[in-house]
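Survey of secondary and tertiary structure
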Amino acid sequence: MENPPDQTESKEMMLQPRITRPKGGLLTMPFIIANEGFEKVASYGLLQNMILYLMSDYGLGLVKGQNVLFMWVAATNFMPLVGAFLSDSYLGRFLTISIASLSSFLGMMVLWLTAMLPQVKPSPCVASTVTKCSSTEATSSQLALLYFAFALISIGSGGIRPCSLAFGADQLDNKENPKNERVLESFFGWYYASSSVAVLIAFTVIVYIQDHLGWRIGFGVPAILMLLASIVFVFASPLYVKRKATKSLFTGLAQVAVAAYVNRNLVLPVHNDSYGCYYHLNDSELKAPSDKLRFLNKACVIRNREEDIGADGLALNPWRLCTTDQVEELKALVKVIPVWSTGIMMSINVSQNSFQLLQANSMDRRLSDHSTFKIPPGSFGMFTIIALIAWVVLYDRAILPLASKIRGKPVRINVKIRMGLGLFISFLAMAVSATLEHYRRRTAISQGLANNANATVNISAMWLVPQYVLHGLAEALTGIGQTEFFYTEFPKSMSSIAAALFGLGMAVANILASVILNVVKNSSKKGGESWIEDNINKGHYDYYYWVLAILSFVNVIYYIVCSWSYGPTMDQLRNDKVNGVRGEEQEEAVKLN
């Protein structure tokens, strides 16, 4: 008896293998970018006006409050290195981002409680000003709760920021795609731009809520957004490409340093093509180390194969014998440190937002003489983000296509040129800031406002826009350039650390910014007053900005030296190789003709 046709077809369909959709790809981008975006809206929305919260609700002076923020931002930017280490070595990127999102949410909840519960902070000020309160100062336990909230938020940022970029690249990275490098370059730019849109929302919407609806709602909204970020990211878990964590990367780097020192008396082979002399895994493409930083090559020299390598092909003592891949990873890290250090000065300049906020607060923030709407002082940072986004769009969609069309071949601006140009623009931004502050202060004194820091000087705050725009262009060129530079120069196994290095530069920059601030304040005291005062009209912030401008100019010269000594990048070497092959093909074609 034969089966009915519909039953036969049903059985055949059940026997056919199910076609599963490949994981990763563009479908995962909205979830990853949404998580990063919500985190940035929440964290940057809290940071922008935080100096006002510390001064008005916790009774901290400008310098002490700014030092607290410098340390918080430093911790927030240092933690990505820890997050990258845990992600690459133990947890994997997906789990790291998930745990970090929860930590950020809890931190924002604690910060929201400081605004909701009167007993966890000093009694309210008698006068609502941005100068130091005359009320009781915060107790150690009150400050401890505040710092605990900051710490949880920093831990969350440390897991999300380095891993999101690398996790997104994991979804798109396809070596079989001939346009893979162009896809990744475009992804880096657009990812940075989308993150900047999130920061733009933080600088406008969140800051406006805090200014007009108070801290309770202003801190509550970021907490809700962070909760949404966590839910959205975890919801798409089945769609992601999840690379497994490898062994501890930092341990491997330390092993290379120790092994190179232990083997310091070994004589290196004359030529690096003596593959049998160097230890490498069977599946490794790197059979011998490079000639650069050759003293580290001693870490992978095989002294006695029977005594150094076990029957399974692994080193018996990894602290005396390392693989060629490990050696090259440490070389890559050591090699980029000078170039990485040049971005610190730009980050110091960008971190001066609290002083710029006080400048904007003392100026006429109306859009026109007939307008009643005032731009919140904390929202002027949006012009930096607008400039950054505009550059990314123009560079990716107008400048490069036009240049390629004119030259008749694909054109790219070398990453080292972009980074150098960004550092020079950062110098110009500080010079413009110093010039404008000199004019603002002189006008305030001429109008009899020297002792009134809360009065409005008859100068439009829109004059602050050029310096914000210059900071945006500098960050677009150097910030995106450094991220791309690290990612292309490092092995794939170090991708999260590559993303975290820019944040580490921000961490070091904020610590140095705190040092510079305290040195300038203490060394410039004259008659009891210094260049840095709570009353912006009595201080000399223009002199402080000129100090930063001079340091920035010296940094440009330092970058030129570092860029020259670094030599060609991986992209330059790859392009030279491609051009060499094309040249040989053209010569062969000429000979045949």
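Residues numbered from 1 in each chain as written. Predicted model: local features only at pLDDT ≥ 70, side-chain atom pairs only at ≥ 80, totals over all residues. Heavy atoms only, no water.

**Section: the environment of Ser-89**
Convention followed: Only DSSP runs of H or I with at least four residues qualify as helices, and only runs of E with at least two residues qualify as strands; both kinds are numbered from the N terminus onward.
Its place among the elements puts Ser-89 in helix H4 (residues 62-91). As for Ser-89 and Phe-250, which are separated by 161 residues in sequence, their C-alpha atoms are 8.4 Å apart.

**Some remarks on the nonpolar core**
Heads up, the rule is: Each nonpolar core is a collection of buried residues, namely Ala, Val, Leu, Ile, Met, Phe, Trp, Tyr and Cys, held together in the definition by side-chain atoms within 4.5 Å. The rule is simple: take the accessible area with a 1.4 Å probe, protein chains only, and divide by the maximum for that residue type; under 20% is buried, over 50% is exposed, in between is partly exposed. Pairs of residues are marked as contacts when any of their non-hydrogen atoms sit within 4.5 Å.
Counting 128 residues, the largest nonpolar core has Met-50, Leu-111, Phe-490 and Tyr-544 as the members making the most contacts within it. Among the elements that line this core, the one with the most residues is helix H6 (residues 140-172), at twelve residues. Setting aside anything within four residues of it in sequence, one finds Tyr-544 in contact with Gln-352, Phe-355, Ala-513, Ile-516, Leu-517, Val-520, Trp-531 and Ile-532. Core analysis: the next-biggest nonpolar cluster, separate from the first, contains 22 residues, Val-199, Phe-383, Ile-385 and Ile-459 among them.

**So, the packing of helix H3 (residues 50-57) against H4**
Applicable threshold: Angles shown run from 0 to 180 degrees and are taken between the N-to-C directions of axes, each axis being a line fitted to C-alpha atoms and, for helices, limited to the stretch in contact. Each angle gets one of four labels, with under 35 degrees taken as roughly parallel, over 145 as roughly antiparallel, 65 to 115 as roughly perpendicular, and the rest as oblique. By definition, any crossing whose near helix is turned counterclockwise from its far helix by less than a right angle is left-handed, and any crossing with a clockwise turn is right-handed. Lys, Arg, Asp and Glu make up the charged group, whereas Ala, Val, Leu, Ile, Met, Phe, Trp, Tyr, Cys and Pro make up the nonpolar group; the residues left over, Gly among them, are polar.
At a closest axis distance of 9 Å, the pairing of H3 and H4 adopts a crossing angle of 135°. With respect to H4, the element H3 is oriented oblique. Between H3 and H4 the crossing geometry is right-handed. Of the residues in H4, those in contact with Met-50, Ile-51, Leu-54 and Met-55 of H3 are Leu-62, Gly-65, Gln-66, Val-68, Leu-69 and Trp-72. Residues belonging to the contact of H3 with H4 are distributed by class as follows: eight nonpolar, two polar and no charged.

**A short note on the pairing of strand S2 (residues 457-460)**
Convention followed: Two strands are said to pair when DSSP picks up at least two bridges between them.
On S2, burial follows the alternation: Val-457 and Ile-459 on one face are buried, whereas Asn-458 and Ser-460 on the facing-out side are not. Bridge count between strand S1 (residues 363-364) and S2: two bridges; the pairing is parallel. Bridging from a neighbouring strand, Asp-364 pairs with Ser-460 of S2.

**Points about a nonpolar patch on the surface**
The condition is simple: Note on patches: the residues involved have over 30% relative accessible area and no salt bridge, like charges join within 9 Å, and the nonpolar side chains Val, Leu, Ile, Met, Phe, Trp and Tyr join within 5 Å. Here the open area of atoms and residues is found with the Shrake-Rupley method and a 1.4 Å probe, where only the protein chains shown may cover a residue. Think of a salt bridge as a Lys or Arg side-chain nitrogen and an Asp or Glu carboxyl oxygen that are within 4 Å of each other.
Together, Leu-86, Tyr-90, Leu-91, Leu-95 and Ile-99 make up an exposed nonpolar region whose accessible area comes to about 430 Å². Secondary-structure elements contributing two or more residues to the nonpolar patch are H4 and helix H5 (93-116). Looking at the nonpolar patch element by element, the count peaks at three residues for H4. Residue placement: Tyr-90 occurs in helix H4.

**Observations concerning the side chain of Asn-535**
As for its placement among the helices and strands, Asn-535 is situated in the loop between helix H16 (495-523) and helix H17 (541-566). According to the relative accessible area criterion, Asn-535 is buried, its value standing at 13%. For Asn-535, the residues in contact, after removing those within four places along its chain, are Ala-450, Asn-451, Asn-452 and Ala-453.

**Points about helix H11 (residues 324-350)**
This is how it is decided: By this rule the span expected of a helix is its residue count minus one, scaled by 1.5 Å. Bend is computed residue by residue as the angle between axes fitted to the seven residues ending at the residue and the seven residues starting at it.
The end-to-end C-alpha distance of H11 is 39 Å, a good match for the 39 Å that 27 residues give at a rise of 1.5 Å each. At Ile-337, H11 is bent by approximately 45°, the largest bend along its length, and proline Pro-338 sits one to four residues beyond. Judged by how many residues are buried, H11 sits mostly within the fold: 21 of 27 residues are covered.

**Quick notes on the pattern of salt bridges**
All chains considered together, the criterion is met by nine salt bridges. For the salt bridge of Glu-39 with Arg-161, the shortest nitrogen-to-oxygen distance reads 3.5 Å. Residue Glu-39 is located in helix H2 (residues 29-48), and its partner Arg-161 is located in helix H6; the two are separated by 122 residues in the primary sequence. Residue classification places Arg-161 among the buried residues on the basis of a relative accessible area of 16%. The partner of Arg-294 in a salt bridge is Asp-291, and the shortest N-O contact between them spans 3.9 Å. We classify Arg-294 as partly exposed; its relative accessible area is 31%.

**Concerning the packing of aromatic side chains**
As a reminder, the rule being used: Only centres within 6.5 Å qualify two rings of Phe, Tyr or Trp (six-membered ring in Trp) as a pair; their planes then separate them into stacked at under 30 degrees, edge-to-face at over 60, and tilted for everything else. Any Lys NZ or Arg CZ found within 6 Å of a ring centre and within 35 degrees of that ring's normal is scored as a charge over the ring.
According to the stated counting rule, one finds 24 aromatic pairs in the structure shown. Measuring from centroid to centroid gives 5.6 Å for Tyr-53 and Tyr-58, while their planes differ by 70°, and the two rings are edge-to-face. The class of Tyr-53 is buried, set by a relative accessible area of 0%. When the centroid spacing of 5.9 Å and the interplanar angle of 50° are considered together, the rings of Phe-94 and Tyr-240 count as tilted. Of this pair, Phe-94 sits in helix H5 while Tyr-240 is found in the loop between helix H8 (215-235) and helix H9 (249-262), placing the two residues 146 residues apart along the sequence. For Phe-94, a relative accessible area of 16% corresponds to the buried category. The exposure class assigned to Tyr-240 is buried, which follows from its relative accessible area of 1%. Joined through ring pairs, the aromatic side chains of Tyr-53, Tyr-58, Trp-215 and Phe-219 make up one cluster. For Lys-242, the ring lying beneath its charged end belongs to Phe-94, and the centroid distance is 4.2 Å. If you follow Arg-264 out to its NZ or CZ, it ends over the ring of Tyr-261, 4.2 Å from the centre.

**Quick word on the packing of H5 against H6**
The interhelical angle for the contact between H5 and H6, taken along N-to-C directions, is 150°, at an axis separation of 7 Å. Taken together, the axes of H5 and H6 lie roughly antiparallel to each other. Every pair of crossing elements has a handedness; the one defined by H5 and H6 is left-handed.

**Section: the confidence of the model for the protein chain**
For clarity, the threshold we go by: Confidence of the predictor in every single residue is expressed as pLDDT, which spans 0 to 100.
Here the protein chain shows a mean pLDDT of 81. Residues at 70 or above account for 84%. Confidence over residues 126-135 falls short of pLDDT 50; this stretch has 19 contacts with residues more than four positions distant or in other chains.

**A look at empty space enclosed by the protein**
For clarity, the cut-off: In this analysis a 1.4 Å probe is tested at points of a 1 Å grid over the protein atoms alone, and where it fits but cannot get out there is a cavity; an open set with protein on both sides within 12 Å along at least five of seven lines is a pocket; lining residues have an atom within 4 Å of a point. Grid points are joined across faces, edges and corners, and a volume is the space filled by probe spheres set on the points. The source of the domain bounds is an automatic or database domain assignment.
As enumerated under the stated definition, the model contains three cavities of 30 Å³ or more in all. The space that makes up the largest cavity amounts to roughly 1,000 Å³. Along the wall of the largest cavity there are 45 residues; nearest its centre are Lys-40, Tyr-44, Arg-161, Glu-475 and Met-506. Residue assignment for the lining of the largest cavity shows that the elements contributing at least two residues are H2, H4, H6, helix H7 (180-213), helix H12 (353-361), helix H13 (382-407), helix H15 (465-489) and H16. Among the elements that line the lining of the largest cavity, the one with the most residues is H4, at eight residues. Taken together, the residues of the lining of the largest cavity sort by class into 23 nonpolar, 18 polar and four charged. Lining the lining of the largest cavity are residues from two domains, each supplying at least three of them: domain 1 (26-122 + 138-239) and domain 3 (331-578).

**Observations regarding the environment of Trp-319**
Residue placement: Trp-319 occurs in the loop between helix H10 (305-308) and H11. According to the relative accessible area criterion, Trp-319 is partly exposed, its value standing at 36%. When the C-alpha atoms of Trp-319 and Gly-252 are compared, they prove to be 8.8 Å apart, with 67 residues separating the residues in sequence. Beyond its immediate stretch of four places on either side in the chain, Trp-319 contacts Thr-251, Ala-254, Gln-255, Val-258 and Ala-259.

**Here's the deal with unusual backbone geometry**
Phi at Leu-293 is positive, roughly 50°, even though this residue is not glycine. Within the fold, Leu-293 resides in the loop between H9 and H10.

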